[in-house]
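Letter by letter, the chains look like this.
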Amino acid sequence: MSLTEKKKKKKENSPVSPLKKRRASWSELYHHSLDFSSSKLQSLTPLVSKSKTLLLPPPDLTLLLPDTTLLAIITKVPPSPHRKTLSLVCKRWCRLHGGLVRSVKVSDWEVLASGRLISRFPNLDSVDLVSGCLVPKTSGVLVSHRVVSSFTVGVESYQSLTFFEENLVSVEIIDRGLRTLASGCSNVRRLVVVNCSELGLLSVAEACCRLQELELHKCSDTVLLGVGAFENLQILRLVGSVDGLYVDDNNSSVVSDIGLMILAQGCKRLVKLELVGCRGGFNGIKEIGDCCGMLEELTVCDHKMESGWLGGIGYCENLKTLRLVSCRNIDVDLGLDECLSCCSCPALERLHLEKCLLRDKNSVKALFKMCEAAREIVFKDCWGLDNDIFSLAMAFGRVKLLYLEGCSLLTTSGLESVILQWHELEHLKVVSCKNVKDSEVSPLMSALFSDLVELQWRPDTRSHLFQSLTGAGVGGKGAKFFKKT
């Protein structure tokens, strides 16, 4: 063996110090870690396969319960918001939850037209289609109105005076959707719809014989031809021409005496009737009073009635509640005294006036004379109700409840001169009437307060606020409160 071979062999057999070892590169360390992890996984594969049966989820025990038992459990859950989340568990729970839903508000018309609404909620009682009757907008202006709820319209159409009508779905599409609804939900008891025709209502009347409450927006005389087919209708709300919402072009949203007569001849079981933006007059209201003997509540909102319409209310013999809301005038007929001298509502119990203009003394006097049997009088945010107009309320001789809110022209003396004449008064509520002062209450009025069953006295909320903040340093003017240092 040569010398070089001996040195080479000795070098291979001799131990090498750790300091002289070459450090491994990053790539070698990465591959080494991969080899190590793969070997570990291979060693653990038999353990995973053996314990695979232990990792399986437990069986769904609700599958053993019948639908009736599971429905009884779901009904115990509060409706909002927990019951809605139960429909996300599985398809079965979603189907059972849909059968419990009774009221729905449609915001997309395609859901109704495609039949998904009926298949998802087969047992509906109340359906509101007003928001769904608008063409959907992904972006635009959110508009709200006192007659309808908030809705979205395009920016370009919002600048027009007829922006709401420009975004309505056509009458043909709405009638087709009503036929779809009637074919699948025959148990509907309440329906709210806009811009439909009499043909669409007739299809609903034929299938939904249990319908008791109907609300029609953008209504007209021709549409009321279909309303007469609802034999069991008890609550009806008609929305005709409304400023800023429904324009009465081509008589598309006009309810006149003809429509009211058609309504009276068909719906003789009406209990509640609300007329919003409707026209008409004495003949139409009189026909309703003669034919609808069960009518107990009448609401007239923002009316455009002809002169003398108020005399027709006297023919509603069983009327118990009369509400006037947002009326610019009560009646403009100058011969009301002769017409109403023999007409009154003996069964009337409640008279509510809200946001009405009460400056015409003759019309207010005629109204109070007709409702002299009322026991509950409400004035809320009425303009023109001063001491002179309020003195006409002495015509009410059996008042038990008086509610005043937002009547800023009425003073303490004007209030006292009337309520001292009401010997049966038991409930008095005075809220936000700034000219009614605590310091002006007389001893007779204080004695009356002590005999009342209920007294809510908050005429001037500002004075109560200042009294509660005395000594707190709040309410002072800046120049006096913040002193310079």
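Residues numbered from 1 in each chain as written. Predicted model: local features only at pLDDT ≥ 70, side-chain atom pairs only at ≥ 80, totals over all residues. Heavy atoms only, no water.

### Digging into helix α14 (residues 282-291)
Since the α-helix advances by 3.6 residues per turn, residues separated by three or four positions end up pointing in the same direction.
Phase 1 of the analysis: Every buried residue belonging to α14 is among Gly284, Ile285, Glu287, Ile288, Gly289 and Cys291, and all of these are buried.
Phase 2 of the analysis: Buried positions along α14 lie against α13 (257-266) and β8 (272-276). (Buried < 20%, exposed > 50% of the residue type's maximum accessible area, 1.4 Å probe, protein only. Helix = DSSP H or I, 4+ residues; strand = E, 2+ residues; numbered from the N terminus. Contact = heavy atoms within 4.5 Å.)

### A closer look at the nonpolar core
Phase 1 of the analysis: Ranked by size, the top nonpolar core spans 107 residues in total, and within it Leu129, Phe379, Leu402, Leu404 and Leu415 carry the most contacts.
Phase 2 of the analysis: For this core, the leading source of residues is helix α16 (residues 361-370), giving 5 residues.
Phase 3 of the analysis: Phe379 has contacts with Leu353, Leu358, Phe368, Leu385, Phe390, Leu402, Tyr403, Leu404, Glu405 and Cys407, leaving out every residue within four places of it along the chain.
Phase 4 of the analysis: Counting residues in hydrophobic clusters, the runner-up holds 6 residues, among them Ile74, Leu86, Trp93 and Leu96. (Core = buried A, V, L, I, M, F, W, Y, C linked by side-chain atoms within 4.5 Å.)

### Topic: the pairing of β8
Regular strands place their side chains on alternate faces of the sheet.
Phase 1 of the analysis: In this structure, strand β7 (residues 235-239) lies alongside β8, joined through 5 bridges in parallel fashion. Directly across from Leu236, in β8, lies its bridge partner Leu273.
Phase 2 of the analysis: One ladder, built from 5 bridges, connects β8 with strand β9 (residues 297-301); its direction is parallel. For Leu275, the partnering residue across the bridge sits in β9 and is Val300. (Pairing = 2+ DSSP bridges.)

### Examining the state of the cysteines
Phase 1 of the analysis: Applying the stated criterion across every chain, the model contains 0 disulfides.
Phase 2 of the analysis: Free of any disulfide, Cys291 has its nearest cysteine sulfur in Cys292, 6.3 Å distant.
Phase 3 of the analysis: No disulfide involves Cys382; its sulfur sits 5.2 Å from that of Cys356, the nearest cysteine.
Phase 4 of the analysis: Residue classification places Cys382 among the buried residues on the basis of a relative accessible area of 5%. (Disulfide = S-S within 2.5 Å.)

### Points about the pattern of salt bridges
Between side chains of opposite charge, a pair can form as their charged atoms come close.
Phase 1 of the analysis: Inspection of the entire model under this criterion finds 13 salt bridges.
Phase 2 of the analysis: For the salt bridge of Asp302 with Lys304, the shortest nitrogen-to-oxygen distance reads 4.0 Å.
Phase 3 of the analysis: Residue class for Asp302 comes out buried when judged on its relative accessible area of 3%.
Phase 4 of the analysis: The salt bridge partner of Glu349 is Arg350, with a shortest N-O separation of 3.3 Å.
Phase 5 of the analysis: A single network of salt bridges, built from pairs that share partners, joins Arg190, Glu213, Glu215, Arg237 and Glu274. (Salt bridge = Lys/Arg side-chain N within 4 Å of Asp/Glu carboxyl O.)

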